[in-house]
Structures are given as C-alpha cells and as structure tokens.
Amino acid sequence: MTVAVRFRRVEQTYFRRGFGLKGVIEGALTADYHSRIVDLIRGRGYALVAGDLTFKLAGEFGFCYGVDRAVEYAYETRSKFPAHRIFLVGEIIHNPHVNAKLGDMGVKCLHRPEGAEFDFGVVTPGDVVILPAFGVTVQDLERLRAIGCVLVDTTCGSVLNVWKRVDSYARDGFTALIHGKYNHEETKATASQVTKYPAGRYLVVRDMDEAQAVCGYLEGRGDSVKLLTQFAGKLSPGFDPERDLVRVGVANQTTMLSSESLAIAGEVRRSMVTRYGDAMLPEHFRTFDTICSATQDRQDAVLKLIAGPLDLMVVIGGYNSSNTAHLAAICEERVPTYHIEDAACIDPETGTIRFRPEGAKAEVRRDGWLPSGRLAIGVTAGASTPNNKIGETIERIAALRGTTLEALLP
C-alpha cells in the first residue's frame, strides 16, 4: 500500500509557527521535564541548605526559550500527526534524555555519518520531518523539499539572526569568518547560507589560536599554502586567501564563549587596520555579536555565582553541548568543576563521580570529589538540560551525605 493511500495528504508542507496544541502536550512536558526540587530552590532565593551542604543555583540555567520552543514543537508534531511516520534530522537539541524521549514517542533520528551527508533515502512524501533547533544546511533543506514531505522547522530564532548576518556578508562580497566548531550542526548550517551565492566564501576558526593564524596572514606573516593546509575542511570550496581575505565579516556560532568571540573580532579588526588603515576599515571589515542572549545570560549568571565562596561546581548537560562545555570552562578557572551529563554520573554506592574535564574528549572517574565537612556547591546547567535532570543531580549529591530532600518539598 502506498504512502499516498495510507495517509491523508497534508496540503501545507512547511510549518514554523507551531500548531496551537500547547494545552494538549503540557501535561506530558511537565511529567517529562519538571522538577519540584528546582522550584523549591528558586523559591528560596536560588540557595538550599541540606544538612552540611548548601546548594547554590545560578540565576539563569537550563532550557532557554529556543530549546523550550523546539521541544514543545516536537511534542506538538507528534500530536498533530499521530498516524504519520516522523523523522528528526540529527538531534532536536544536544541532550540525550530529550532525544530519547522523542524516540520513545516514535520519532526516528536521521544521523549524519562522519564526513558524509544525511541519508534521506527512507523519507517519503507521506512522512513528517522535524528540523532541529540548530537548523539544517541549505542543501539538506532543498533535498527534503524535493522529496515533498511535511517539514516542521524548529530552528532557533537566534540562529536565524546569524544566518541573516552571514547572508548579508556574502551578498556584499565579504567572506564570513565564523567563530565556531566546524563540525557542529549549527556552524555547518550557517556556513551553507554563504554558499547560496556564487562568490560566497567562509572560513571557520575554533579559537583564538586559529584566529591568530588568519591574522598573521592578513598582516603578511603567512602564506596561502600553509593557511589552506591548516584550515582544510573548514573553508568554502575554492577558497583563495589572497582573494577571499580582502574583505571579512565576523560572526559566531551562537553558543560559543562570548568573551572569546569578541576578542577574536577585535584581533581581526586590528589586523585589518594594520593592513589597510583606519580610513579604509569599513571597506574591509564588518562584525556583529551574534551570541544568543540566553547563552550570554547563562554565562553572566555563572560568573556571578563563582564570584562568591564555593567549594566546587557541578555543571549538568550533554557532553556534545557547546554552551554547556563553555559554562564548565568558565567555572574551571575559579573553582573545582565537574561537568556531568546527569545524576547517573554519580555513584551512590561508591561515592565516585564520572565527569568530563574541560577540554578532554572522554570521561574520567574520581574518588573523594565530595570533601567532608560543610560545603557550598554551585550548580548550573546548559541551555539544553531539562530541570528534572538538575533536580535529580542535587538529590543524589545530598543522598551521598545521607540527606533526603523529600521532607523539604511542599
């Protein structure tokens, strides 16, 4: 039986503004992600005393507006199309629990093999495909449109703002220098916006060290071959440094460390002044801070938290979550920090913790991470971490000291 027979044709094939079903899905969202513990701590001024432990929660943490919207929209999609097969391009957000919940609801993830394109071969015109909060590349969107399936677009508004910025760069003949992780879904999607134009060019820098390599070339201290070798796979096709680094516009992946993005823009600006002079700068350099407000708010909140007395910091969120990793990096500079995915990383029997050190690619296990005596423990979470995972972590840490939080709940 063909898909056309099994399913009633959906006349509209692209949705971005939701289905008005929040009332239908609200109960499921509360059951899956709400935390009474988090509500309790918020209600007590973001601090909670439990025995000889004091938990201090950052003023901004967890789900941001864009993530909330993406998750709600995915749940609404399942309710809107109960009889359809539903696919998700990659992950809705970088949190394993949220993606697993969608899997339990029958949403199948389409994965991109390393170095390859997404395989859309299983998708038919009768299916529904959810586009994640990171967005998808222009090429992937065109491929899906050609199939004729229903598309539900949850791309974050902050990401769309970056796309508008790099689009304007390409349109005006400026190469987009993107501060981001070249293999991150968002950065891939952003770079693809540039290549809509025949002369569109991009270059992705991961950090200040890579930015300095570009600046060295701009100031005449490098050569094209060396630059092309260093940034292989992080450049638009046919990139020619001599031609394509004459006019540069800086943008960034929305979840990068704000201070580093601003510093990189400042260094590139300085190099352009060195090469062309102040008077000619507008002809050769543009910049715009495209860090999303939620990312900035969480970074500001954690800076405020670690400015006070803390014995250790726990950062909760997916290891592949860029914004979570940056929160951990900020904290590590001031206080012993443990970036964990969830409460399961803390063993209640042995008291050990599994965590990923800042900059590492694998977990490590540590004994004695929770010293005896009175402790002040800071807690924050990335923008893709649901509240229930934060609450479960706090409960498990308290339990290591034989303290239950149940009696404190209203």
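Residues numbered from 1 in each chain as written. Predicted model: local features only at pLDDT ≥ 70, side-chain atom pairs only at ≥ 80, totals over all residues. Heavy atoms only, no water.

1. Description of the overall build of the protein
The helix and strand inventory of the protein stands at 16 helices and 16 strands. In terms of C-alpha radius of gyration, the protein reaches 23 Å, essentially the compact-globule figure of 22 Å for 410 residues. Projected onto the principal axes, the alpha-carbon positions of the protein cover approximately 65 × 60 × 30 Å. Out of the 410 residues belonging to the protein, those deemed buried represent 52%. Across the protein, contacts joining residues at least 24 apart in sequence account for 72% of those joining residues at least 6 apart. Only carbon and sulfur atoms are counted for the fraction: they give 51% of the accessible area of the protein, which is about 18200 Å². The average position of the 48 basic charges and that of the 50 acidic charges among the side chains of the protein differ by 3 Å. (Helix = DSSP H or I, 4+ residues; strand = E, 2+ residues; numbered from the N terminus. Rg over C-alpha atoms; globule rule 2.2 N^0.38 Å. Buried < 20%, exposed > 50% of the residue type's maximum accessible area, 1.4 Å probe, protein only. Contact = heavy atoms within 4.5 Å. Areas by Shrake-Rupley, 256 points an atom, 1.4 Å probe, with all protein chains shown as cover. Lys, Arg positive; Asp, Glu negative; His and termini not counted. Charge placed at Lys NZ, Arg CZ, Asp CG, Glu CD.)

2. Some details on the nonpolar core
Nonpolar side chains in soluble globular proteins tend to end up buried together. Membership of the largest hydrophobic core comes to 32 residues, with the highest contact counts inside it found for Phe 55, Trp 369, Ile 377, Ile 390 and Ile 397. In contact with Ile 397, not counting residues within four places along its chain, are Leu 53, Phe 55, Val 314, Ile 346, Trp 369, Leu 370 and Ile 377. (Core = buried A, V, L, I, M, F, W, Y, C linked by side-chain atoms within 4.5 Å.)

3. Notes on the sheet that holds strand E4 (residues 86-89)
Across the sheet, 5 strands lie side by side as E1-E7-E6-E4-E5; this open sheet has parallel pairing. Of all strands in the sheet, those bounded by a partner on one side alone are strand E1 (14-15) and strand E5 (107-110). Here E4 runs beside strand E6 (residues 128-131); their pairing, made up of 3 bridges, is parallel. If you follow Phe 87 over to E6, its bridge partner there is Val 129. Of the strands in this sheet, E1, E4, E6 and strand E7 (150-153) touch helix H4 (residues 65-80), which is tilted by about 150 degrees from E7. (Pairing = 2+ DSSP bridges. Axes fitted to C-alpha atoms, helices over the stretch in contact; angles between N-to-C directions.)

4. A look at the packing of aromatic side chains
Tallied over the full model, the rule gives 9 aromatic pairs. When the ring of Tyr 33 is compared with that of Phe 63, the centres are 5.8 Å apart and the planes differ by 55 degrees; the resulting orientation is tilted. You can see Tyr 33 sitting in helix H2 (residues 22-33) and its partner Phe 63 sitting in the loop between strand E3 (53-57) and H4, a full 30 residues away along the chain. Each member of the pair, Tyr 33 as well as Phe 63, carries the same accessibility label: buried. Here the aromatic cluster, defined as three or more aromatic residues joined through ring pairs, consists of Phe 15, Phe 19, Tyr 73 and Phe 81. Over the aromatic face of Tyr 14 sits the side chain of Arg 145, whose NZ or CZ is 5.0 Å from the ring centroid. In this structure, Arg 165 packs its charged tip against the face of Phe 288, placed 3.7 Å from the ring centre. (Phe/Tyr/Trp six-rings, centres within 6.5 Å; stacked < 30°, edge-to-face > 60°. Lys NZ or Arg CZ within 6 Å of the ring centre and 35° of its normal.)

5. Let's talk about the environment of Ala 47
Looking at where Ala 47 falls in the secondary structure, it is placed in strand E2 (residues 47-50). For the pair formed by Ala 47 and Gly 378, sequence separation is 331 residues and the distance between their alpha carbons is 9.2 Å. Apart from the residues within four sequence positions on either side, Ala 47 is in contact with Ile 41 and Phe 55.

6. Quick look at the pattern of salt bridges
Inspection of every chain in the model, using the stated rule, returns 18 salt bridges. Between Asp 32 and Lys 101 there is a salt bridge, with its nearest N and O atoms 3.5 Å apart. Highlighted residues: Asp 32 in helix H2 and Lys 101 in helix H5 (residues 96-104), separated in sequence by 69 residues. Classification of Asp 32 by relative accessible area gives buried; the value is 16%. Taking relative accessible area as the criterion, Lys 101 reaches 32% and is therefore assigned partly exposed. A salt bridge links Arg 85 to Asp 127, with the shortest nitrogen-to-oxygen separation between them at 2.8 Å. Within this pair, whereas Arg 85 is found in the loop between H4 and E4, its partner Asp 127 is found in the loop between E5 and E6, the two being separated by 42 residues in sequence. What emerges from the salt-bridge pattern is a single network uniting Glu 219, Arg 221, Glu 267 and Arg 270. (Salt bridge = Lys/Arg side-chain N within 4 Å of Asp/Glu carboxyl O.)

7. What to know about helix H9 (residues 208-218)
Among the residues of H9, Glu 210, Ala 211, Val 214, Cys 215, Gly 216, Tyr 217 and Leu 218 are the ones counted as buried. Looking at the buried positions of H9, the neighbouring elements they touch are strand E8 (175-179), strand E9 (202-205), helix H10 (224-230), helix H11 (241-244) and helix H12 (258-276). Sitting at the amino-terminal end of H9 is Asp 207, which places a side-chain oxygen 3.3 Å from the backbone nitrogen of Asp 209. Taken from the residues just after H9, Gly 220 is the one with a positive phi, measuring 85 degrees. (Polar contact = N/O pair within 3.5 Å; in protein donor to acceptor, adjacent residues only side chain to side chain.)

8. Points about the pairing of E5
Where E4 lies against E5, 4 bridges are found, and the strand directions are parallel. Along E5, the bridge assignment pairs Ile 86 with Val 107. Following the backbone out of E4, through H5 and into the adjacent parallel E5, one traces a crossover that is right-handed. (Right-handed = clockwise from strand over helix to strand, strands pointing away.)

9. Re the sheet that holds E9
With respect to topology, 4 strands assemble into an open sheet ordered E9-E8-E10-E11, the strand pairing being parallel. Two strands bound the open sheet, and with one partner strand each, they are E9 and strand E11 (285-287). This sheet shows a mean twist of 20 degrees between the axes of neighbouring strands, independent of strand direction. Looking at chain direction, strand E10 (residues 248-252) and E11 are connected through 3 bridges and run parallel. Opposite Val 248, over in E11, you have Phe 285 as the bridge partner. Across the face of the sheet, helix H8 (residues 185-194) comes into contact with E8, E9 and E10 while running at roughly 175 degrees to E8.

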